[in-house]
Amino acid sequence: MSIHTPDIKRVTTHIIQEMKTRGEKISCLTAYDYSMAGIVDAAGVELILVGDSASNVMAGHETTLPITIDQMIYHATSVVRAVKRALVVVDLPFGSYQGNSREALNSAIRIMKESGAHAVKLEGGLEIKDSITRILSAGVPVMGHLGLTPQSIYKFGTYTVRAKQEAEAQKLLEDAQMLEEVGCFSVVLEKIPSKLTKQVSETVTIPTIGIGAGPHADGQILVLHDLLGINKAFKPRFLRRYADLNGVMTDAISNYIQDVKGKSFPNEQESY
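Residues numbered from 1 in each chain as written. Predicted model: local features only at pLDDT ≥ 70, side-chain atom pairs only at ≥ 80, totals over all residues. Heavy atoms only, no water.

By the naming in an unreviewed UniProt entry, the chain is 3-methyl-2-oxobutanoate hydroxymethyltransferase, taken from Dyadobacter fanqingshengii. UniProt's Function (unreviewed entry) comment on the chain is quoted here verbatim: "Catalyzes the reversible reaction in which hydroxymethyl group from 5,10-methylenetetrahydrofolate is transferred onto alpha-ketoisovalerate to form ketopantoate." Quoted verbatim from the Catalytic activity (unreviewed entry) heading of the UniProt record, the comment on the chain is "(6R)-5,10-methylene-5,6,7,8-tetrahydrofolate + 3-methyl-2-oxobutanoate + H2O = 2-dehydropantoate + (6S)-5,6,7,8-tetrahydrofolate". (UniProt positions renumbered as here; feature names shortened; annotations may be inferred.)

In structure tokens, the structure reads:
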């Protein structure tokens, strides 16, 4: 059953901002293909992220680093074809924006032109300010991403909670303020202490979207395959599973195999 507001034909960055202003929580999920994106959009989420987590979920890589911009455009194009209402944001993959603002702009323009997406997301704070500013100067909406930034996994060496120490927490707060000042329309806060999320959300006027960051963010995002219980190996503390599709799918496939081997599929009604 869809619970979205029927009079909103297309969610925009302006609507996301209005939701924060009136205290309405923002629902976000990932999607990587046409079929799943259509279901997610029809259910009523406000924002769909075509995440570089496709590197893990769809391609089976250990990290998000291997996915290319061409692959991100492929996934984004598939999602955009299905979506009629949600705001579609696409991750700029590792190596497509760090350290070179001109390359960052070219990457963002490629994604926007070739996929039809509505915004891009970049990981990092002050160190990528030039890239963000250059992308924004071209009129491309940008979502920031602070806290645990998976593209920097080899720098951190772990997926543990970030910004527990005062110095790192202060830098994150300053980075969030910088992202607002340069013009980002929102910021993802990943795997940081709940009290820091509260502080950031109350300090900046742009919406904060949390994942593993407690209840005080202006919205929440999860990886769709984790929420649906398709990926059973991933069991972080912050994940709430709303279904066990792994079990449902396994049972369905097992029943199909039995019917084929038992010669009960196809039957006369299923034949021409």
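Back to the write-up after that little detour.
Q: Is there a simple way to think about the UniProt feature "binding site: 3-methyl-2-oxobutanoate" (unreviewed entry) in the chain in this case?
A: Cross-referencing UniProt, the feature "binding site: 3-methyl-2-oxobutanoate" (unreviewed entry) maps to Asp52, Ser53, Asp91 and Lys121 in the present numbering. The greatest C-alpha distance among the annotated residues, which extend across 70 residues, is 12.5 Å, indicating that they converge on a single site. Within the secondary structure, serine 53 is located in the loop between β2 (47-50) and α3 (54-57). Setting aside chain neighbours within four positions, we find serine 53 in contact with Thr30, Tyr32, Thr64 and Val223. Looking at serine 53, its side chain comes within polar contact range of the side chain of tyrosine 32, at 2.6 Å. Inspection of the secondary structure puts lysine 121 in strand β4 (residues 119-121). (Helix = DSSP H or I, 4+ residues; strand = E, 2+ residues; numbered from the N terminus. Contact = heavy atoms within 4.5 Å. Polar contact = N/O pair within 3.5 Å; in protein donor to acceptor, adjacent residues only side chain to side chain.)

Q: Is there a simple way to explain the pattern of salt bridges in this structure?
A: Oppositely charged side chains may form a pair once their charged atoms are brought near each other. Scanning the entire structure with this criterion turns up 10 salt bridges. Lysine 171 is the partner of aspartate 175 in a salt bridge, and the nearest nitrogen-oxygen pair spans 2.6 Å. One end of the pair is aspartate 175 and the other is lysine 171, both in helix α8 (residues 166-182) and 4 residues apart, which spans about a single turn. By relative accessible area, aspartate 175 is classed as buried at 8%. Classification of lysine 171 as partly exposed rests on a relative accessible area of 39%. Lysine 232 is paired through a salt bridge with aspartate 244; the nearest N and O atoms lie 3.8 Å apart. Placement of lysine 232 in the loop between α10 (224-227) and α11 (245-261) and of aspartate 244 in the loop between α10 and α11 is noted, with a sequence separation of 12 residues between them. (Salt bridge = Lys/Arg side-chain N within 4 Å of Asp/Glu carboxyl O. Buried < 20%, exposed > 50% of the residue type's maximum accessible area, 1.4 Å probe, protein only.)

Q: What is the right way to look at unusual backbone geometry in this model?
A: Going from phenylalanine 265 to proline 266, the amide bond is cis rather than trans, its omega being -5 degrees. Assignment of secondary structure puts proline 266 in the segment after α11. Phi is positive for alanine 163, close to 60 degrees, though the residue is something other than glycine. Inspection of the secondary structure assignment puts alanine 163 in the loop between α7 (153-156) and α8.

Q: Could you clarify how one ought to interpret the sheet that holds strand β6 (residues 186-190) in this entry?
A: Backbone hydrogen bonds are what pair the strands of a sheet, in a parallel or an antiparallel way. Pairing is parallel in the closed barrel, where 8 strands are placed in the order β1-β2-β3-β4-β5-β6-β7-β8. Averaged over all adjacent pairs, the angle separating strand axes in this sheet is 25 degrees, with direction ignored. Pairing of strand β3 (residues 87-91) with β4 involves 3 bridges; the strand directions are parallel. Note that in β4 the partner of aspartate 91 across the bridge is lysine 121. (Pairing = 2+ DSSP bridges. Axes fitted to C-alpha atoms, helices over the stretch in contact; angles between N-to-C directions.)

Q: I tried to follow the packing of aromatic side chains on my own but got confused; where do I start?
A: The description of two aromatic rings rests on the distance between their centres and on the angle between their planes. Taken as a whole, this structure holds 2 aromatic pairs when the rule is applied. Ring geometry for phenylalanine 234 versus phenylalanine 238: centroids 6.4 Å apart, planes at 70 degrees, classification edge-to-face. Residue phenylalanine 234 is classed as partly exposed on the basis of its relative accessible area of 36%. With 5.9 Å between their ring centres and 65 degrees between their planes, tyrosine 256 and phenylalanine 265 make a pair best called edge-to-face. (Phe/Tyr/Trp six-rings, centres within 6.5 Å; stacked < 30°, edge-to-face > 60°.)

Q: Hey, could you run me through a nonpolar patch on the surface in this one?
A: Together, Met249, Ile253, Tyr256, Ile257, Val260 and Phe265 make up an exposed nonpolar region whose accessible area comes to about 550 Å². With respect to the element layout, isoleucine 257 can be found in helix α11. Of the residues examined, isoleucine 257 reaches a relative accessible area of 39% and is grouped as partly exposed. (Patch = residues over 30% accessible without salt bridge, like charges linked within 9 Å, V, L, I, M, F, W, Y side chains within 5 Å. Areas by Shrake-Rupley, 256 points an atom, 1.4 Å probe, with all protein chains shown as cover.)

Q: Quick question: what am I supposed to make of the pairing of strand β5 (residues 142-147) here?
A: Look at any regular strand and the pattern is simple: side chains alternate between the two faces of the sheet. Most of β5 is tucked away: 6 of the 6 residues are buried. Alignment of β4 against β5, held across 2 bridges, turns out to be parallel. Within β5, the position partnered with lysine 121 by the bridge is methionine 143. Between the parallel elements β4 and β5, the chain passes through helix α6 (residues 129-137) in a crossover that is right-handed. (Right-handed = clockwise from strand over helix to strand, strands pointing away.)

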